[in-house]
Amino acid sequence: RRNGGSDGSIQTNLGVKDNFDIDLWVHLITIRVIAQICLGYDSSVDTAYEREGMVDIAFGQQVVGNRIFFKMPIFNFDPSIRKLRKKLDKMYGVLGDVIDKRNVTYRNNDATKDKEPDDILKALLDSGCDPQEVLEQLTTIDFAGFETT
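Right, let's walk through the structure included here.

What counts and what doesn't
Residues numbered from 1 in each chain as written. Predicted model: local features only at pLDDT ≥ 70, side-chain atom pairs only at ≥ 80, totals over all residues. Heavy atoms only, no water. Helix = DSSP H or I, 4+ residues; strand = E, 2+ residues; numbered from the N terminus. Buried < 20%, exposed > 50% of the residue type's maximum accessible area, 1.4 Å probe, protein only. Contact = heavy atoms within 4.5 Å. Areas by Shrake-Rupley, 256 points an atom, 1.4 Å probe, with all protein chains shown as cover. Phe/Tyr/Trp six-rings, centres within 6.5 Å; stacked < 30°, edge-to-face > 60°. Lys NZ or Arg CZ within 6 Å of the ring centre and 35° of its normal. Salt bridge = Lys/Arg side-chain N within 4 Å of Asp/Glu carboxyl O. Core = buried A, V, L, I, M, F, W, Y, C linked by side-chain atoms within 4.5 Å.

### Examining the overall build of the chain
Next up, step 1: Counting secondary structure elements, the chain contains six helices and zero strands.
Next up, step 2: Reading the helices (α) and strands (β) of the chain from amino to carboxyl end gives α-α-α-α-α-α.
Next up, step 3: Counting the 149 residues in the chain, one finds 32% classified as buried.
Next up, step 4: Counting contacts in the chain only where the partners sit at least 6 residues apart, residues at least 24 apart contribute 46% of the total.
Next up, step 5: Only carbon and sulfur atoms are counted for the fraction: they give 57% of the accessible area of the chain, which is about 9500 Å².

### Considering the environment of Ala144
Next up, step 1: With respect to the helices, strands and loops of the structure, Ala144 is situated in helix H6 (residues 131–148).
Next up, step 2: Look at Ala144 and you get partly exposed, because its relative accessible area is 40%.
Next up, step 3: Sequence separation between Ala144 and Ile57 is 87 residues, and the spatial gap between their C-alpha atoms is 9.6 Å.

### Quick look at the packing of aromatic side chains
Next up, step 1: Evaluated as defined, the whole model comprises zero aromatic pairs.
Next up, step 2: Lying over the aromatic face of Phe59, Lys87 brings its terminal NZ or CZ to 5.8 Å of the ring centre.

### Looking at the pattern of salt bridges
Next up, step 1: Within the structure shown, the criterion is met by 10 salt bridges.
Next up, step 2: Measuring nitrogen to oxygen at the nearest pair gives 2.0 Å for the salt bridge that ties Glu52 to Lys90. Taken together, the residues Glu52 in helix H3 (residues 47–69) and Lys90 in helix H4 (residues 79–107) connect sequence positions 38 residues apart.
Next up, step 3: Residue class for Glu52 comes out partly exposed when judged on its relative accessible area of 31%.
Next up, step 4: The class for Lys90 is partly exposed, based on a relative accessible area of 41%.
Next up, step 5: Among the ionic pairs, Arg67 bridges to Asp78, the shortest N-O distance being 2.4 Å. With Arg67 in helix H3 and Asp78 in the loop between H3 and H4, this pair connects stretches of sequence that are 11 residues apart.
Next up, step 6: By relative accessible area, Asp78 is classed as buried at 16%.
Next up, step 7: Several salt bridges share partner residues, and in doing so they unite Arg102, Arg107, Glu116, Asp119, Lys122 and Asp126 into one network.

### Overview of unusual backbone geometry
Next up, step 1: Residues other than glycine seldom take positive phi values, yet Lys71 does so here, at roughly 55 degrees.
Next up, step 2: Among the structural elements, Lys71 can be located in the loop between H3 and H4.

### Concerning the nonpolar core
Next up, step 1: If you look at the biggest cluster of nonpolar residues, it comprises 19 residues, and the most contacted ones within it are Leu39, Ile57, Leu95, Ile99, Leu121, Val134 and Leu138.
Next up, step 2: Among residues more than four places away in sequence, those in contact with Val134 are Ile99, Leu121, Leu124, Leu125 and Cys129.

### Topic: the environment of Val98
Next up, step 1: Positionally, Val98 belongs in helix H4.
Next up, step 2: Expressed as a C-alpha distance, the spacing of Val98 and Leu39, which sit 59 residues apart in the sequence, is 7.8 Å.
Next up, step 3: When near neighbours in sequence (up to four residues on either side) are disregarded, Val98 contacts Leu39 and Leu121.

Rendered as structure tokens:
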């Protein structure tokens, strides 16, 4: 439903009472699905972070897309590239925290080792990829899946 109503869980989740942006909603659902499939993580527990993540991913796609479309080089002295790199560093930090939590909760704990979620993060960690490659793979999936829905 595009218009809000008293039974609209979409509106409630997005924090709106009347109308909502369907594009925003699709992106929100996409972030949640990617987080669940890749990390076995329910991102809906922190809706403020979800929104910030959506804005950051959209910004990154715009910056990189413009560079590709206009055949512009990606130089570090470009302010938008520096901003994008800061956002990526932040995203890597969050993903690193998720990986650390996974290691503590499942991989380094004999009592729960067999209960680790069967997701993309598990496959990447089992493959022996170095930590930076795991972060880059997860980021690529996030960016690619975000806009293609």
